[in-house]
Amino acid sequence: MHEAYDVHHVQEKWLPIWDAIEPFKSGRADDPRPKKYVLDMFPYPSGDLHMGHAEAYALGDVIARYWVQKGFNVMHPIGWDSFGLPAENAAIKRNADPRAWTYENISVQKASMRRFACSFDWDRVLHTSDPEYYKWNQWLFLEMYKKGLAYRKDSPVNWCPNCQTVLANEQVVAGLCERCDSEVTKKKLNQWYLKITDYADRLLDDMEQLEGQWPEKVLMMQRNWIGRSIGAEVEFEIEGRAKPVVVYTTRPDTLHGATFMVVAADSELAAELVQGTGVESDFAKYLEGVKAASDIDRLATDRPKTGVFLNRYAINPVNGAKLPIWASDYVLADYGTGAIMAVPAHDQRDLDFARAMKLPVSVVVETGEEDPNATGVATTGEGVMINSGSLNGLKKADAIAKVIEELSASKKAKAAKNYRLRDWLISRQRFWGTPIPIIHCPTCGEVPVPESQLPVELPDAVGLDLKPKGTSPLGAVESWVNVPCPACGAPAKRDADTMDTFVDSSWYFLRYTSVNRGDVAYDRAEVDTWLPVDQYVGGVTHAILHLLYSRFFTKVLFDMGKLNFTEPFTKLLNQGMVLMDGSAMSKSRGNLVRLSDELATHGVDAIRISMVFAGPPEDDVDWADVSPAGSAKFLNRAWRISGDVTSKAGVDFTTGDLALRKIVHKALHDISFAVESFRFNVAVARVMELVNHTRKAIDSGCGAADPAVRESAEAIAISLSLVAPYTAEEMWERLGHKPSVALAGWPAIDQSLLGADNVTAILQVNGKIKDRIEVAPNISDADLEKLAMENAEIKAAIAGATISKVITRAPKLVNIVL
RNA sequence: GCCCCGAUAGCCCAAUGGCAGAGGCAGAGGACUUAAAAUCCUCCAAGUGUGGGUUCGACCCCCACUCGGGGCACCA
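What this report covers is the structure whose coordinates are included nearby. (Residues numbered from 1 in each chain as written. Chains lettered and ligands numbered in written order. Predicted model: local features only at pLDDT ≥ 70, side-chain atom pairs only at ≥ 80, totals over all residues. Heavy atoms only, no water.)

Things to note about the packing of helix α3 (residues 85-94) against helix α4 (residues 98-115)
For the record, the criterion: As a rule, the C-alpha atoms of each element are fitted with a line to give its axis, helices using only the stretch in contact, and angles between N-to-C directions run from 0 to 180 degrees. What counts as a helix is a DSSP run of H or I of at least four residues, what counts as a strand is a run of E of at least two, and both are numbered from the N terminus. What makes a crossing left-handed is the near helix being turned counterclockwise from the far one by less than a right angle; a clockwise turn instead makes it right-handed. Should any heavy atoms of two residues lie within 4.5 Å, those residues are counted as being in contact. In this classification, the charged set is Asp, Glu, Lys and Arg, the nonpolar set is Ala, Val, Leu, Ile, Met, Phe, Trp, Tyr, Cys and Pro, and all remaining amino acids, among them Gly, are polar.
Their axes nearest at 8 Å, the elements α3 and α4 cross at an angle of 115 degrees. Judged by the twist between their axes, the crossing of α3 over α4 is right-handed. Here P86, A87, E88, A90, A91 and R94 of α3 come into contact with α4, specifically with P98, W101 and T102. In terms of residue class, the contact of α3 with α4 is made up of six nonpolar, one polar and two charged.

Concerning the pattern of salt bridges
Our working rule: Here, a salt bridge means any side-chain nitrogen of Lys or Arg that lies within 4 Å of a carboxyl oxygen of Asp or Glu. Buried means the residue's accessible area, taken with a 1.4 Å probe over protein chains only, is under 20% of the maximum for its type, while exposed means over 50%, and partly exposed covers the values in between.
Throughout the structure, instances matching the rule amount to 42 salt bridges. Between D31 and R33 there is a salt bridge, and its shortest N-O distance comes to 2.8 Å. Residue classification places R33 among the partly exposed residues on the basis of a relative accessible area of 22%. One connected set of salt bridges, linked through shared partners, spans D201, D205, R228 and K417.

Describing the sheet that holds strand β5 (residues 150-160)
Within a sheet, each strand pairs with its neighbour through backbone hydrogen bonds, oriented either parallel or antiparallel. Basically, it comes down to this: Strand pairing requires that DSSP identify at least two bridges connecting the strands.
Taking strand neighbours across the sheet as the criterion, the four strands line up as β6-β5-β9-β19 in an open arrangement whose pairing is antiparallel. Where the open sheet ends on each side, the last strands, each with one partner, are β6 (165-167) and β19 (424-425). Relative to β6, β5 is paired through three bridges, and the arrangement is antiparallel. Across the sheet, residue W159 finds its bridge partner in β6, namely V166.

Observations regarding the nonpolar core
Keep this limit in mind: For our purposes a nonpolar core is just a set of buried Ala, Val, Leu, Ile, Met, Phe, Trp, Tyr and Cys residues, chained together by side-chain atoms within 4.5 Å.
Residues W424, Y508, L510 and F552 are the most contacted members of the largest nonpolar core, which totals 93 residues. Those residues in contact with L510 that sit more than four places away from it in its chain are Y522, V527, L531, L557, L563 and F565. Core analysis: the next-biggest nonpolar cluster, separate from the first, contains 89 residues, V68, M585, F680 and V709 among them.

Focus: the protein's contact with RNA strand B
In plain terms, the rule: In these notes, residues near a molecule or strand are those with any non-hydrogen atom within 4 Å of it. Contacts described as polar in this section are N or O atom pairs within 3.5 Å, which, within protein, must combine one atom able to donate a hydrogen with one able to accept it, while residues neighboring in sequence count only if both atoms come from side chains.
Not every one of the 49 residues close to RNA strand B is listed here, only the nearest: T250, R303, R349, R420 and N815. Sugar and phosphate atoms constitute 65% of the interface atoms of RNA strand B, taking the interface as everything within 4 Å of the protein. Here a sugar or linking oxygen of RNA strand B and a backbone polar atom of T250 are 2.3 Å apart. Of all the elements, helix α24 (residues 680-700) adds the most residues to the surface near RNA strand B, at six residues. Grouping the amino acids of the surface near RNA strand B by side-chain chemistry returns 19 nonpolar, 12 polar and 18 charged.

Structural notes on the environment of R695
Counting through the fold element by element, R695 comes out in helix α24. Measuring from C-alpha to C-alpha, the distance between R695 and V709 comes to 9.0 Å, with 14 residues separating the pair along the chain.

Below, the structure is given as structure tokens:
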């Protein structure tokens, strides 16, 4: 009869013991260990934890637990991103209080995390929906307001008709609402923005520091998103208009090739230029059509170019040519100046437009490609300038420099940069978020709520109609919205919008250091100690939004002198998603795997190890490909070894079987290396290998009593503590030790055991393997070459031939080239 | 259309430019058992997507392509 290992009993057994020991408490003032900050992205409290959480937290836990074993004082906190639409929508659906729904889910998730053996420091927990937290959102907003970084403006904004709220650019995916996939429309509203564009250059340039530390993919996505382009702004005089029109171009070198100008149809400039031209009605008709077309239609890049001639002319500053001005929807109102110079010969979009409208095409760069007039394909290759006056014969870079220099003398042009990135719209017309701490007074205008009155707390939701109506539900709460103006005392109204929840998550990593401080957002000394985050772990879904905003906030706080670093997350690991049968799990697809079911069947450890072992952490895990039953089997094998050991705890390992000891130390070394390079699947494989070797040593090798077997069993327990905490703890106890194995410490590796006695050298002729010989690891090139020449196989292979070259790489290889 | 990443055994995945296989899943055979489960042992398979190149030597570096995944997309 084999002993059975009852996973559920073991789980219940250890939880209260861990609660008592608190192995992962990080706030002890006298802690002499060096510090490390390991952070998992905090969850949104919608229902219980799911498979995706399980993977993310299993991976983060390996890292946190590893650094604890290596002797670090690891801060590994958790919290909840607990403001947001789902709570509000659920509340509307059930006619309940979003607060109650939110905090119930939090307590369910918290209990699940504890059972999942997450190594969180439970004394550092925050919820962004607590007034103690969002007070500091408001404080930060006001600090930014003081610096001019928070401002209000009227502009057409992305509007989700289903959520009945505005969306940030970042929350519109392919013209659809990120949350509900409704088609996003435009609406002109007066809204609050944060001036992230002021930081565009630094957000871009500081990524150099993150190179090699963050996934290349994320850096690339952020670069793309910021979308800096370098070019020039050029002034074009307009006939019959006092002020010139400025255009932005990345190709000022092709200025001589400009044959017309295009302004965005929906821009104020177009509306102004058309006045008094006699074509007002044509323009109005065209604009109507443009406005009717949704963003989705606009996204189709292959649709034919349309536009209307405005019956006006611009003057090309380099040659005085008269350029007809057109309005079209292929020029964007909110990029650059909303007006372009069209160079159809060398820009495909301009060429398409020119051909549609029968406008002239003038080639000014000789690229060796076919004439765009004939082919309809704009030539964009490198070449020399032609038909360009003083620029003739120059290459692109020189022509750009020269034309800017020439025009800048008369202030007609200057070098300029442009960004795809727009300012961050943070107003939301919803209830469950941070109230914007501004009071609107009929006489004083917008007045910040005095700091002493923070937080501006949300009113009670009970009895409130939270259904989306296009204006914030807060506006309807008379007792809340009506306040005296802090400046003049006259009746005034609170701003009834709430903040985008991405504001909450843009600085939460700072708050963990000081969750109990009511008087400051964060304790400066604590933040100086713990930050920046050494290791951040989370999904690639936040590659742009959350990470960019957090980087922005960090730089703002740095500029305010409130932080001493400019990048919040030193290293980033993006885990993949958990799929089922090749696609994302969903109820509608019918491929949902419930975490609770998997845990009930296989136990926490088996699920954790399955997640970690499934493949590289950044790859998606297809649950159809993993075998939690196999993981459970492996854990059983490991556990049984701890029961087989017969030597006493504390036995001198150095008297143990040398062969096994070498395997143990090599394994410990490899596991460390694999964990530190995020190859957790490889680390688990090494533990499996060690278990296999130890099994063999017990059954048919040095025997269960050998000290090396105990050394190995303890190494297995400690290694497993990173990924299978219950099994590891159980093993550790059976091996005669006191809990917790999480604090056992990573065994010191004996370097003298890492070198092999003998290594196998490969003997090749012309790169083909002829024989293998055992040699000493420190053999010299000369000796190895000598052995090769004396080898029978080699002699046979090279008999009669002339040796042209011998490559020797002691102690691994000799290659004889004939 | 542009950019990024990937492709190794039936499957998931390993392999500082130097023996293609560490580990697992699935499969086959055996031991134990009255039997089954569990457990243990043994076995099994690809020459690394395709075509070139560099090199004494390429899964690894370079070029072109195919397929898959992802990002951006009228940003001047």
